[in-house]
Amino acid sequence: MIKTLLVALTGLSLSAAVSAQELVEGKDYTLLESPVATQADEDQIEVTEVFWFGCPHCYRLQTPVNEWYDTLEDDISVVHMPATMGGNWNTHATAFYAAESLGIEEDLHADFFDAIHQDGRKLTDSDEIAEFFSDYGVSEEDAKKALTSFSVRSDVNKANSRMREMRLMGVPALVVDGRFVVTPSSAGSLENMPQVAEALIERVRTEREQ
């Protein structure tokens, strides 16, 4: 009950902090000239969190953004998309999609972040990643197969294409409805990113009701 109350209060504070009318294009968010196709159903509003496991800012965002996710209504679809900028970024993106293909990504997502930023692990070697995956009920052999599979490579390439379409040069970012891009710089802080995104969601809801 206490947790439920805290979640409710968090939702109220987000709504009160920023309204859609107060947002300024080019200041609080960026509007993409060409909207990016979303993966959500027509009656859903997609929020895409673009991140890199090795990014300390993305790691710091996890607490406020996950608290916000707990307050979202049923018409919101959250998509996690790893950034692809070569090197270790792509290695971690491959790990993300490999874990997703194995059905363990949701369970290990936070732990993968913690292993890098709390335990000092790099997790950039396939053997190390496969060993990490083995803690989640898959064999290292199956993990290595997933890491080199065609479908996972295809997912990484698709993420790279989407990132280019979103005109992203860094992370973290929240992309609302494939149109509105919120960054720490535009929002004013990592903690403000969910608040701005929440207001943009309300804008999309209003547009769809008209």
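The coordinates are above.
What counts as what
Residues numbered from 1 in each chain as written. Predicted model: local features only at pLDDT ≥ 70, side-chain atom pairs only at ≥ 80, totals over all residues. Heavy atoms only, no water. Helix = DSSP H or I, 4+ residues; strand = E, 2+ residues; numbered from the N terminus. Rg over C-alpha atoms; globule rule 2.2 N^0.38 Å. Buried < 20%, exposed > 50% of the residue type's maximum accessible area, 1.4 Å probe, protein only. Contact = heavy atoms within 4.5 Å. Areas by Shrake-Rupley, 256 points an atom, 1.4 Å probe, with all protein chains shown as cover. Pairing = 2+ DSSP bridges. Right-handed = clockwise from strand over helix to strand, strands pointing away. Axes fitted to C-alpha atoms, helices over the stretch in contact; angles between N-to-C directions. Parallel < 35°, antiparallel > 145°, perpendicular 65-115°, else oblique. Left-handed = near helix turned anticlockwise from the far one by under 90°. Nonpolar A, V, L, I, M, F, W, Y, C, P; charged D, E, K, R; others polar. Patch = residues over 30% accessible without salt bridge, like charges linked within 9 Å, V, L, I, M, F, W, Y side chains within 5 Å. Salt bridge = Lys/Arg side-chain N within 4 Å of Asp/Glu carboxyl O. Lys, Arg positive; Asp, Glu negative; His and termini not counted. Charge placed at Lys NZ, Arg CZ, Asp CG, Glu CD. Phe/Tyr/Trp six-rings, centres within 6.5 Å; stacked < 30°, edge-to-face > 60°.

**Student:** Mind showing me how you'd approach the overall build of the protein chain here?
**Tutor:** For the protein chain, the count of helices and strands is nine helices and five strands. Ordering the α and β elements of the protein chain from the N terminus gives α-β-β-α-β-α-α-α-α-α-β-β-α-α. In terms of overall dimensions, the protein chain is globule-like: its C-alpha atoms have a radius of gyration of 18 Å, near the 17 Å expected for 210 residues. Considering the protein chain as a whole, with its 210 residues, one finds that 47% of them fall into the buried category. Nonlocal contacts in the protein chain, meaning residues at least 24 apart in sequence, comprise 72% of its contacts between residues at least 6 apart. Total accessible area on the protein chain stands at roughly 11100 Å², and carbon and sulfur atoms take up 47% of it.

**Student:** What exactly am I supposed to notice about the pairing of strand β3 (residues 76-82) here?
**Tutor:** It is a general feature of regular strands that their side chains alternate between the two faces of the sheet. Counting buried positions along β3 gives five out of seven residues, so the element sits mostly inside the fold. When strand β2 (residues 45-51) meets β3, the two strands line up parallel, connected through seven bridges. Considered in β3, the bridge of F51 is made with P82. Once the chain exits β2 it traverses helix α2 (residues 56-69) before rejoining the sheet at β3, and the crossover so formed is right-handed.

**Student:** Please explain the packing of helix α3 (residues 87-101) against helix α7 (residues 150-165) as it appears in this structure.
**Tutor:** Helix-helix packing is described using two parameters, namely the angle between the two axes and the distance between the axes. Following both chains from N to C, one finds α3 and α7 inclined at 125°, their axes separated by 9 Å at the closest point. Classified by the angle between their axes, α3 and α7 sit oblique to one another. Like other packed secondary-structure pairs, α3 and α7 cross with a definite hand, here right-handed. Residues A93, T94, Y97, A98 and S101 of α3 lie in contact with α7, whose contacting residues are V152, D155, V156 and A159. Each residue belonging to the contact of α3 with α7 can be placed in one class, and the counts come to six nonpolar, two polar and one charged.

**Student:** Explanation requested: a negative patch on the surface in the structure shown.
**Tutor:** On the surface, E106, D107, D111, E131, D135 and E140 cluster together to form a negatively charged patch. With three residues, helix α4 (residues 105-117) is the single largest residue contributor to the negative patch. Take D111: it is sitting in helix α4. Judged by its relative accessible area of 33%, D111 is partly exposed.

**Student:** Please clarify how the pattern of salt bridges should be interpreted in this entry.
**Tutor:** Oppositely charged side chains may form a pair once their charged atoms are brought near each other. Taken as a whole and assessed by the stated rule, the structure comprises eleven salt bridges. Residue R205 pairs with E73 through a salt bridge whose shortest N-O separation is 4.0 Å. One end of the pair, R205, is in helix α9 (residues 193-209); the other, E73, is in the loop between α2 and β3, with 132 residues separating them in the sequence. Accessibility expressed as a relative area gives 14% for R205, which makes it buried. A relative accessible area of 53% means that E73 is categorised as exposed. With its nearest N and O atoms 3.1 Å apart, the salt bridge here joins D177 to R208. With a gap of 31 residues between them, D177 in the loop between β4 (173-176) and β5 (180-182) and R208 in helix α9 connect regions that are remote in the sequence. Beyond isolated ion pairs, a larger network of salt bridges with shared partners links E73, D75, E202 and R205.

**Student:** Where do I start with the sheet that holds β4 in this structure?
**Tutor:** Across a sheet, strands are paired by hydrogen bonds formed along the backbone, either parallel or antiparallel in direction. Ordered in space as β1-β5-β4-β2-β3, the five strands form an open sheet in which the pairing is mixed. Looking along the sheet, the strands with just one partner apiece sit at the ends: β1 (30-31) and β3. Direction of pairing for β2 relative to β4: antiparallel, over a ladder of four bridges. Within β4, the position partnered with T48 by the bridge is V175. Those strands touched by α3 are β2 and β3, and its axis lies near 135° from that of β3.

**Student:** How do you make sense of the packing of aromatic side chains when you look at a structure like this?
**Tutor:** Note on aromatic pairs: each is described by the distance of the centres and the angle between the planes. Taken as a whole and judged by the stated rule, the model has twelve aromatic pairs. Between Y59 and F113, the aromatic rings sit 5.8 Å apart at their centres with planes inclined by 35°, giving tilted as the arrangement. With Y59 in helix α2 and F113 in helix α4, the pair connects residues that are 54 residues apart, well separated along the chain. Taken individually, Y59 and F113 each receive the classification buried, so the pair is uniform in this respect. When the ring of F132 is compared with that of Y136, the centres are 5.7 Å apart and the planes differ by 35°; the resulting orientation is tilted. Its relative accessible area of 6% is what places F132 among the buried residues.

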